[in-house]
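# Architecture and fold: a report
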Amino acid sequence: MSNMPTTMTTTTKAATMNESKISARKVQVFYGDKHAIKDVEIEIPPRSVTAFIGPSGCGKSTFLRCLNRMNDTIANCRVEGHISIDGENIYDPKVDPVQLRAKVGMVFQKPNPFPKSIYENVAYGPRIHGLARKKSDLDDIVSSALQKAGLWNEVKDRLDAPGTGLSGGQQQRLCIARAVAVSPEVILMDEPCSALDPIATAKVEELIHELRANYTIVIVTHSMQQAARVSQRTAMFHLGELVEENDTDKMFTNPDDQRTQDYIMGRFG
Ligand SMILES: Nc1ncnc2c1ncn2[C@@H]1O[C@H](COP(=O)(O)OP(=O)(O)OP(=O)(O)O)[C@@H](O)[C@H]1O
Ligand SMILES: [Mg+2]
């Protein structure tokens, strides 16, 4: 009897870990001497949308970049702690960051299509990852990715036109198609709508809603309304710490932490 509570705790923990797509433990990030992420622990469930919110400079982008090792590309940046996806340590020396970034795709704040055709923008990833054996396979991947990104009808007659010639909202959906084309499991989005007008934003949000059926999505946003509309879980960062992580409904109606309350009420940030 005496060891019962321990057993129960272990069981609960194991169940939670099995359900997580991404699991982060004691994550620290340093830029030189600056301690930008402090002891962050989070479980991110699969096939759902998790929103990261918090005031500017609190570390949202820094932590997001830990999830596909994009911080490796920043010279003075050092990541410590443990992050696993499907139970696999993504910082293990055996892991190839290029393969990891195909599995964990990323969409940035500013749409950044390559200066190439719409077709080539989407085909590039599948080609370098050897996902298509012949041209017709590649055509299928490109059309399927553009359909998943809700862009196919608008571009199917001009696949050879430059990607940079699309509107901002279309360019962002092209970047989502580019991420989707390599069959990722996770898509990280860092303020994907901040350069878009309300109509383009609504389209991308609708798309996020649809993609959730097949992908694990983590989105950074400054818009409380957007977090409330698109996500099921919300994590609030402040000064490099994760102050609260909760169901989105609870987060916006009855948060546990005073700092969350102050932030969503617009008292700071
Ligand atoms: N390359 C870098 N070199 C040094 N410090 C950095 C670098 N990138 C970010 N920082 C610092 O790390 C902290 C977290 O920055 P980060 O960009 O992650 O914040 P954020 O929450 O995404 O902010 P925003 O909402 O403005 O995008 C900030 O203090 C920032 O100045
Ligand atoms: Mg940021």
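Note: the structure precedes this text.
For every chain, the first residue of its written sequence is number 1, and the numbers climb from 1 along that sequence. Written order determines the labels here, with chains lettered from A and ligands numbered from 1. Totals for whole chains, interfaces and linings use every residue, but because this is a predicted model, local features are given only for residues with pLDDT of at least 70 and side-chain atom pairs only at 80 or more, for both listing and counting. Working from all heavy atoms in the structure, the side-chain values ignore hydrogens and water.

Moving on to the sheet that holds strand 8 (residues 216-220). Taking strand neighbours across the sheet as the criterion, the six strands line up as 6-7-8-3-9-10 in an open arrangement whose pairing is mixed. Each edge of the open sheet carries a strand with a single partner, namely strand 6 (104-107) and strand 10 (241-247). Across this sheet, the average inter-strand angle for adjacent strands is 20 degrees, counted without regard to direction. Think of it this way: DSSP has to see at least two bridges between two strands before they count as a pair. In DSSP terms, a helix is any run of H or I states spanning at least four residues, a strand is any run of E spanning at least two, and both are numbered starting from the N terminus. Here four bridges tie strand 3 (residues 49-53) to strand 9 (residues 233-238), and the two strands are oriented parallel to one another. For F52, the partnering residue across the bridge sits in strand 9 and is A235. Orientation is described by lines fitted to C-alpha atoms, with helices fitted over the stretch in contact, and by angles between N-to-C directions that extend from 0 to 180 degrees.

Salt bridges are defined as contacts in which a side-chain nitrogen from Lys or Arg sits within 4 Å of a carboxyl oxygen from Asp or Glu. Applying the stated rule across the entire model yields 18 salt bridges. The partner of E80 in a salt bridge is R78, with the nearest N and O atoms 3.3 Å apart. A salt bridge links D247 to R233; the shortest N-O distance between them is 2.8 Å. Within this pair, whereas D247 is found in strand 10, its partner R233 is found in strand 9, the two being separated by 14 residues in sequence. D247 sits in the partly exposed class, given a relative accessible area of 41%. Beyond isolated ion pairs, a larger network of salt bridges with shared partners links K21, D86, K103 and E185. Think of it in three bands: with a 1.4 Å probe and only protein chains considered, a residue is buried below 20% of the maximum accessible area for its type, exposed above 50%, and partly exposed in between.

So, on to the nonpolar core. Here the nonpolar core consists of buried residues drawn from Ala, Val, Leu, Ile, Met, Phe, Trp, Tyr and Cys, with membership extended through side-chain atoms lying within 4.5 Å. Core analysis: the biggest nonpolar cluster contains 44 residues, and L146 and I176 have the highest contact counts within it. Note on contacts: a residue pair is in contact if any heavy atoms of the two residues lie within 4.5 Å. If sequence neighbours within four positions are ignored, I176 has contacts with V107, A149, M189, V204, L207 and L211. By size, the runner-up hydrophobic cluster in this structure holds 32 residues, among which are A24, I42, V95 and L188.

As paired strands, strand 1 (residues 22-31) and strand 4 (residues 77-85) are joined by eight bridges and run antiparallel to one another. Looking at strand 4, one finds that S23 is bridged to S84. With two bridges joining them, strand 4 and strand 5 (residues 88-89) adopt antiparallel strand pairing. Paired with S84 across the strands is N89, a residue of strand 5. In sequence, strand 4 turns back onto strand 5 through a hairpin of two residues, with D86 there showing a positive phi of about 50 degrees.

So, about the site of ligand 1. Residues are classed as near a molecule or strand on a simple rule: at least one heavy atom within 4 Å of it. In the vicinity of ligand 1, 15 residues are found, and the nearest of them are S56, G57, K60, S61 and T62. In this structure, G57 approaches ligand 1 through a main-chain N or O atom, which is 2.8 Å from an oxygen atom. Residue-level accessible areas treat just the shown protein chains as cover; the underlying method is Shrake-Rupley with a 1.4 Å probe. When ligand 1 is considered free in solution it has 640 Å² of accessible area, and contact with the protein chains removes 67% of it. Broken down by secondary-structure element, the contributors of at least two residues to the shell around ligand 1 are strand 2 (34-44) and helix 2 (60-66). Ranked by residues supplied to the shell around ligand 1, first place goes to helix 2 with three residues. Any residue outside Ala, Val, Leu, Ile, Met, Phe, Trp, Tyr, Cys, Pro, Asp, Glu, Lys and Arg is labelled polar, Gly included; the first ten of those are nonpolar and the last four are charged. When grouped by side-chain class, the residues that make up the shell around ligand 1 number five nonpolar, seven polar and three charged. Here a polar contact is recorded for every N or O atom pair within 3.5 Å, except that within protein the pair must consist of a potential hydrogen donor and a potential acceptor, and residues adjacent in sequence are included only if both atoms are side-chain atoms.

Note that every value here comes from positions in space, so none of it alone points to a role or purpose.
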